[in-house]
Amino acid sequence: MFPLFLLDHHMTARELGFWNGVIAMGFSIGGSSLGGLLLTRFSIGAIMRRVFVLRTISMVFQSSLLTVLEPSTLLKGLAVLSLSVQHFLGGLITTLTFTTMMHCSQRADEGIQATHYSFLATLEVLGKLTFSAVAGGVVDWFGFQVAFLLFLTLSAGTALHVWTATFTGALREHQLKDQPK
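Residues numbered from 1 in each chain as written. Predicted model: local features only at pLDDT ≥ 70, side-chain atom pairs only at ≥ 80, totals over all residues. Heavy atoms only, no water.

Caption draft 1: Local environment of the environment of Leu-39. Structurally, Leu-39 can be placed in helix α2 (residues 13-39). A relative accessible area of 22% places Leu-39 in the partly exposed class. In this structure the C-alpha to C-alpha distance between Leu-39 and Val-60, which are 21 residues apart in sequence, comes to 27 Å. (Helix = DSSP H or I, 4+ residues; strand = E, 2+ residues; numbered from the N terminus. Buried < 20%, exposed > 50% of the residue type's maximum accessible area, 1.4 Å probe, protein only.)

Caption draft 2: The arrangement of the pattern of salt bridges in detail. Under the criterion given, the structure shown has 2 salt bridges. Of the charged contacts, one joins Glu-15 and Lys-76 as a salt bridge, the two residues approaching to 3.1 Å between their closest N and O atoms. Pair noted here: Glu-15 is in helix α2 and Lys-76 is in helix α4 (residues 73-106), with a separation of 61 residues, a long-range link. In this structure Glu-15 comes out as partly exposed when scored by relative accessible area, which is 26%. Exposure remark for Lys-76: the relative accessible area of 29% places this residue in the partly exposed category. (Salt bridge = Lys/Arg side-chain N within 4 Å of Asp/Glu carboxyl O.)

Caption draft 3: Focus on the confidence of the model for the protein. The pLDDT averaged across the protein works out to 88; a share of 92% of its residues lies at or above 70. Within the protein, no element has a lower average pLDDT than helix α7 (residues 169-178), which sits at 54, and none a higher one than α2, at 94. (pLDDT = per-residue confidence, 0-100.)

Caption draft 4: Summary view of the nonpolar core. Membership of the largest hydrophobic core comes to 20 residues, with the highest contact counts inside it found for Phe-2, Phe-5, Leu-6, Leu-66, Phe-144, Phe-148 and Phe-151. Mapped onto this core, the elements with two or more residues apiece are α1 (2-8), α3 (44-65), α4, α5 (113-142) and α6 (144-165). With 5 residues, α6 is the largest single contributor of residues to this core. With residues near it in sequence (within four places) discarded, Phe-144 still touches Met-1, Leu-4, Phe-5, Asp-8, Leu-66 and Val-139. (Core = buried A, V, L, I, M, F, W, Y, C linked by side-chain atoms within 4.5 Å. Contact = heavy atoms within 4.5 Å.)

Caption draft 5: Focus on the packing of α5 against α6. Direction vectors running N to C along α5 and α6 enclose 140°, while the axes themselves pass 7 Å from each other. Overall, the two elements α5 and α6 adopt an arrangement that is oblique. Across from Phe-131, Ala-135, Val-138, Val-139 and Phe-142 in α5, the residues of α6 making contact are Phe-144, Val-146, Ala-147, Leu-150, Phe-151 and Leu-154. When the residues that make up the contact of α5 with α6 are grouped by side-chain class, the tally is 11 nonpolar, no polar and no charged. (Axes fitted to C-alpha atoms, helices over the stretch in contact; angles between N-to-C directions. Parallel < 35°, antiparallel > 145°, perpendicular 65-115°, else oblique. Nonpolar A, V, L, I, M, F, W, Y, C, P; charged D, E, K, R; others polar.)

Caption draft 6: Here's a closer look at the UniProt feature "transmembrane region" (unreviewed entry) in the protein. The feature "transmembrane region" (unreviewed entry), as annotated in UniProt, sits at residues 16-39, 51-69, 75-98, 119-142 and 148-171 in this numbering. Along residues 16-39 the backbone is 100% helical and 0% strand, and the end-to-end C-alpha distance reaches 32 Å. Overall, residues 119-142 shows 100% helix and 0% strand. The separation of its end C-alpha atoms is 34 Å. (UniProt positions renumbered as here; feature names shortened; annotations may be inferred.)

Structural data, given as structure tokens:
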């Protein structure tokens, strides 16, 4: 929804297409790559806790930009920075999420591991699509500022859940197993 806010606040479609399309996608790929690299050195839980907290902080920054009503070069620069950081962290989260799904699927019976993973991947995509379909209506109904406050609250709740969940269940086992003795 943030790109639509920028489109409504004097960023041209061409600028937005370049920054949110080309540049931000490069940051997303970079985040995914870094996620893979970090997983070779640190536990999933430790990385997830930090990344989700960073994502929440980044959402606070992005949401604060909604209060600036006067378009300026500085606002455009901060908006591009915000888009880039969000895509970078989103790439990191995607790698961590799919790695977690693989770990969970490895715990299933051997005969259904592929089906289990496919089901989890389907749920992940359905979650994104459902939220994307609803987000526009929420913004139309409440406006950008209130909607983003709601989105920020949901993100903070997710970060809190991830923080506590990484100390229990399958992620905890991998965390303990991966730690040096």
